[in-house]
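# Residue-level structural notes
Residue-level listing of the chains:
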Amino acid sequence: MSAFSSDLELHVEDVTGNGVEVDVATNSLTGTVRLSVLWTQEIVLSADDAEKVARSLLRAAGHVRAHGPGQAP
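### Some details on the sheet that holds strand β2 (residues 21-27)
- Here we have three strands laid out as an open sheet, ordered β1-β2-β3, and antiparallel in their pairing. Every other strand in the sheet has two partners, leaving β1 (4-6) and β3 (32-38) as the edge strands with one partner each. Neighbour to neighbour, the strand axes of the sheet diverge by 30 degrees on average, direction disregarded.
- As paired elements, β2 and β3 share seven bridges and run antiparallel to each other. The residue bridging V24 from the neighbouring strand is L35, located in β3.

Have a look at this one:
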(Lines give C-alpha, C1' and ligand atoms only; values in the text may rest on other atoms or scores of the structure.)
Protein backbone atom coordinates (compact mmCIF):
# COMPACT_ATOMS: atom_id res chain seq x y z
CA MET A 1 0.00 0.00 0.00
CA SER A 2 1.34 3.43 -0.95
CA ALA A 3 1.72 6.20 1.59
CA PHE A 4 0.91 8.71 -1.15
CA SER A 5 -2.62 9.98 -1.64
CA SER A 6 -3.26 11.78 -4.95
CA ASP A 7 -5.52 14.80 -5.31
CA LEU A 8 -8.57 13.29 -6.99
CA GLU A 9 -9.89 16.75 -7.92
CA LEU A 10 -6.90 17.42 -10.21
CA HIS A 11 -7.28 16.36 -13.85
CA VAL A 12 -4.72 18.26 -15.97
CA GLU A 13 -3.12 17.18 -19.26
CA ASP A 14 -0.61 18.82 -21.60
CA VAL A 15 -2.24 21.27 -24.03
CA THR A 16 -0.30 19.75 -26.93
CA GLY A 17 -2.41 16.59 -26.64
CA ASN A 18 0.46 14.17 -26.02
CA GLY A 19 -1.15 12.62 -22.92
CA VAL A 20 1.26 14.07 -20.33
CA GLU A 21 -0.41 14.49 -16.94
CA VAL A 22 0.27 16.18 -13.59
CA ASP A 23 -0.21 14.46 -10.24
CA VAL A 24 -0.12 16.10 -6.80
CA ALA A 25 -0.05 13.77 -3.81
CA THR A 26 0.57 13.93 -0.08
CA ASN A 27 2.58 11.38 1.89
CA SER A 28 0.90 10.64 5.22
CA LEU A 29 4.05 9.00 6.63
CA THR A 30 6.50 11.82 5.97
CA GLY A 31 4.21 14.85 5.80
CA THR A 32 5.47 15.83 2.34
CA VAL A 33 3.89 16.81 -0.98
CA ARG A 34 4.86 15.16 -4.29
CA LEU A 35 4.41 16.92 -7.64
CA SER A 36 4.78 14.50 -10.55
CA VAL A 37 4.79 15.11 -14.28
CA LEU A 38 3.81 11.73 -15.70
CA TRP A 39 5.22 10.21 -18.90
CA THR A 40 7.79 12.98 -19.64
CA GLN A 41 10.09 15.61 -18.14
CA GLU A 42 7.93 18.63 -18.86
CA ILE A 43 4.36 19.69 -19.42
CA VAL A 44 2.85 22.66 -21.25
CA LEU A 45 -0.20 24.02 -19.41
CA SER A 46 -2.90 26.50 -20.25
CA ALA A 47 -3.32 29.37 -17.78
CA ASP A 48 -6.45 27.70 -16.39
CA ASP A 49 -4.69 24.36 -15.88
CA ALA A 50 -1.68 26.04 -14.26
CA GLU A 51 -4.11 27.61 -11.79
CA LYS A 52 -5.68 24.19 -11.10
CA VAL A 53 -2.22 22.75 -10.31
CA ALA A 54 -1.49 25.70 -8.01
CA ARG A 55 -4.78 25.17 -6.14
CA SER A 56 -4.04 21.46 -5.83
CA LEU A 57 -0.62 22.19 -4.34
CA LEU A 58 -2.23 24.59 -1.85
CA ARG A 59 -4.77 21.91 -0.85
CA ALA A 60 -1.95 19.40 -0.38
CA ALA A 61 0.10 21.80 1.73
CA GLY A 62 -2.94 22.53 3.90
CA HIS A 63 -3.60 18.82 4.33
CA VAL A 64 -0.01 18.15 5.39
CA ARG A 65 -0.04 21.06 7.84
CA ALA A 66 -3.36 19.94 9.33
CA HIS A 67 -2.51 16.26 9.66
CA GLY A 68 1.28 16.15 9.90
CA PRO A 69 3.40 13.05 9.34
CA GLY A 70 2.16 9.76 10.69
CA GLN A 71 -1.39 10.93 11.33
CA ALA A 72 -4.51 9.56 9.70
CA PRO A 73 -5.97 11.71 6.89
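### Some points on the side chain of S36
- In this structure, S36 sits in strand β3.
- For S36, a relative accessible area of 15% corresponds to the buried category.
- S36 has contacts with E21, V22 and D23, leaving out every residue within four places of it along the chain.

About the criteria used
- Residues numbered from 1 in each chain as written.
- Predicted model: local features only at pLDDT ≥ 70, side-chain atom pairs only at ≥ 80, totals over all residues.
- Heavy atoms only, no water.
- Pairing = 2+ DSSP bridges.
- Helix = DSSP H or I, 4+ residues; strand = E, 2+ residues; numbered from the N terminus.
- Axes fitted to C-alpha atoms, helices over the stretch in contact; angles between N-to-C directions.
- Buried < 20%, exposed > 50% of the residue type's maximum accessible area, 1.4 Å probe, protein only.
- Contact = heavy atoms within 4.5 Å.

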